Amino acid sequence: MKHTSLQRVKQAIIAGFWASLASISVGFLFKLWLAQWVAKADLALYHTVIDIISLSLILMTGFRSSMVVTYSQTKQDVDITNIFRYSLIAMVLLTWGLVLPYIKHKLQLNVEYFQLVGIILSMGLKVYFTNQIAMYRLYAISNRVTWLEPIAQVSSFFLCFYALKQTAIASLFYSMTLSSLIVALYMYLKRRKDIATPPLSTVHFDTGLRSFMKKSLTASMEAGASILMIYITVLLTIAYFSIDELGDFQVVVRPMITYLTLLFVFPIYRFVLPEVAVCVREKRFDEVQQIKSWLTKVSLWISGIFFVVMVFASKPLVAWLFPEQYIKAAPVLMHFSMFFIFMMLNGYQLAYIKAHGYFTQSLLIRLAGIVVLVGTFYAYRLYTENVVAVILALGTGYLMMYLISKIIERKIKVMT
């Protein structure tokens, strides 16, 4: 039985939600367990190193959307894959040559050289196969990897710490390397059953592949811009508010934003873009509208429930989940809930825009969100000294992104 694009999106997003929930649960419980007995300085060291390396490699995930769109249009997986291979190798070597010395010598973090190299190479392999899985629209594999990865890391940690008698900090670094390799191998073996590995060869650039490279670079910058929005809120909190308010944001608000994004926004980015891109290529615009209608209803329900819960129960929830000193995070969460709808709707809007090949416009929308975030923060500061000014500015940035993307979507519809 042939499934419609809407059916595939529904199945993938619902499965993605449960996979993300399982992944978050395992990861969160593992962090809570580690926090009970591993030195705080060791955990801070581990997370700092992983964040730095992840930020350098996460730019390569920007290739994912351009690979999805270009493959749906051209079916030239050999050239697309080889361009991505060479680009990823260059980024891994750049990370090895620049980021690793920065960690070792500039930040003077006490981490073994072998551990850093292992993390760089293993995470690079994981990014490579993750992007391939996305390009071929292998949603089932993608969802299985979501919950397999934290389980692989926890299992690898137990192996290193209890069986191999490594220290806790060393076990964390080795477990990250091992889990990334396990996930990469799993994706390779599962993908190979359905699709042969494209051969390594020289790339013959034509107009389509040059366009692919331009889209990939633009998408990489967009990925960096999306991360930058959250980091700007952290920097503004550091600059203008107390360490107590920074703790509220880092311990309560930022993880909540991250978990909600993983559960409800990332599945939209991962599964809607491939299906909409295929529909656009085959001119099945009625199916695109069906996907939009379904996602709009889902977004309204989820964001509406989140808003009601935060309005009436944010303080009891924060008091139940966190120590008493974090209770001031409750009003910040409540204000964030007002804008979560725009984060979800932006997932569809940007997917729709990129499915038509307008990657530059998508990047400009992100940059506009950053400009509005910074500008409105200083405007809100004229009226309030409360830390909610940061989250209001972030929400206003997402609101502006939605309004701009809505205008661009209407223009695209007129042209098509």
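As a starting point, this report considers the structure included with it. Counting restarts for each chain: residues are numbered from 1 in the order of the written sequence. Reporting in this predicted model follows two pLDDT cut-offs: at least 70 for local features of residues, and 80 or more for side-chain atom pairs to be given and counted; totals over whole chains, interfaces and linings ignore these cut-offs and use all residues. To obtain the side-chain values, all non-hydrogen atoms of the structure were included, while hydrogens and water were left out.

Points about the overall build of the protein
Move 1: Only runs of H or I of at least four residues qualify as helices and only runs of E of at least two qualify as strands under DSSP, and these elements are numbered from the N terminus. A tally of helices and strands in the protein yields 14 helices and zero strands.
Move 2: Counted from the first residue to the last, the protein has its helices and strands arranged as α-α-α-α-α-α-α-α-α-α-α-α-α-α.
Move 3: Using C-alpha atoms as the atom set, the radius of gyration is obtained and then compared with a globule rule of 2.2 Å times the number of residues to the power 0.38. In terms of C-alpha radius of gyration, the protein reaches 22 Å, essentially the compact-globule figure of 22 Å for 416 residues.
Move 4: Taken over the C-alpha atoms alone, the protein extends approximately 55 × 55 × 40 Å along its principal axes.
Move 5: Summary of the burial criterion: residues with accessible area below 20% of their type's maximum are buried, those above 50% are exposed, and those between are partly exposed, where the area comes from a 1.4 Å probe applied to protein chains only. In the protein, buried positions account for 52% of the 416 residues.
Move 6: Nonlocal contacts in the protein, meaning residues at least 24 apart in sequence, comprise 82% of its contacts between residues at least 6 apart.
Move 7: Carbon together with sulfur atoms contributes 69% to the accessible area of the protein, which is approximately 19600 Å² in total. Contacts are assigned to residue pairs with any non-hydrogen atoms lying within 4.5 Å of each other. The Shrake-Rupley method, run with a 1.4 Å probe, gives the accessible areas here. Residue values count only the displayed protein chains as cover.

Some remarks on the nonpolar core
Move 1: Residues belong to a common nonpolar core when they are buried Ala, Val, Leu, Ile, Met, Phe, Trp, Tyr or Cys residues joined through side-chain atoms within 4.5 Å. Counting 78 residues, the largest nonpolar core has V272 and F340 as the members making the most contacts within it.
Move 2: With 17 residues, helix α9 (residues 243-281) is the largest single contributor of residues to this core.
Move 3: Residues in contact with V272, not counting those within four places in the same chain, are V9, I13, P267, I291, L295, Y348 and A351.
Move 4: Listed in part, the 53 residues of the second largest apolar core include F30, V49, Y136 and L172.

Things to note about the pattern of salt bridges
If charged atoms from side chains of opposite charge come close, those side chains can pair.
Move 1: For salt bridges, the criterion is a side-chain nitrogen of Lys or Arg within 4 Å of an Asp or Glu carboxyl oxygen. According to the stated counting rule, one finds twelve salt bridges in the structure shown.
Move 2: Among the salt bridges present, the one from E282 reaches R281, with a minimum N-O distance of 3.4 Å.
Move 3: Note on E282: relative accessible area 40%, which makes it partly exposed.
Move 4: Where E287 meets R284, a salt bridge forms, and the shortest distance between an N and an O atom there is 2.9 Å. Like E287, the residue R284 is buried in the burial classification.
Move 5: Through salt bridges that share partners, R281, E282, R284 and E287 make up one connected network.

A look at helix α3 (residues 62-74)
Move 1: Its 13 residues give α3 an end-to-end C-alpha distance of 19 Å, which sits within 8% of 18 Å, the value for a rise of 1.5 Å per residue.
Move 2: Counting buried positions along α3 gives ten out of 13 residues, so the element sits mostly inside the fold.
Move 3: Those residues of α3 not exposed but buried are G62, F63, S65, S66, M67, V68, V69, T70, Y71 and S72.
Move 4: Just downstream of α3, K75 is the residue with a positive phi angle, here 60°. In this scheme, a helix's expected span is set at 1.5 Å multiplied by one less than its residue total.

Re the side chain of S337
Move 1: With respect to the element layout, S337 can be found in helix α11 (residues 329-337).
Move 2: Definition of a polar contact: a pair of N or O atoms within 3.5 Å, with one able to donate and the other able to accept a hydrogen when the atoms are protein atoms, and with sequence-neighbouring residues admitted only if both atoms are side-chain atoms. Of the polar contacts made by the side chain of S337, one reaches the backbone oxygen of M334; its length is 2.5 Å.
Move 3: What S337 contacts, discounting residues up to four positions off in sequence, is F306, F307 and M310.

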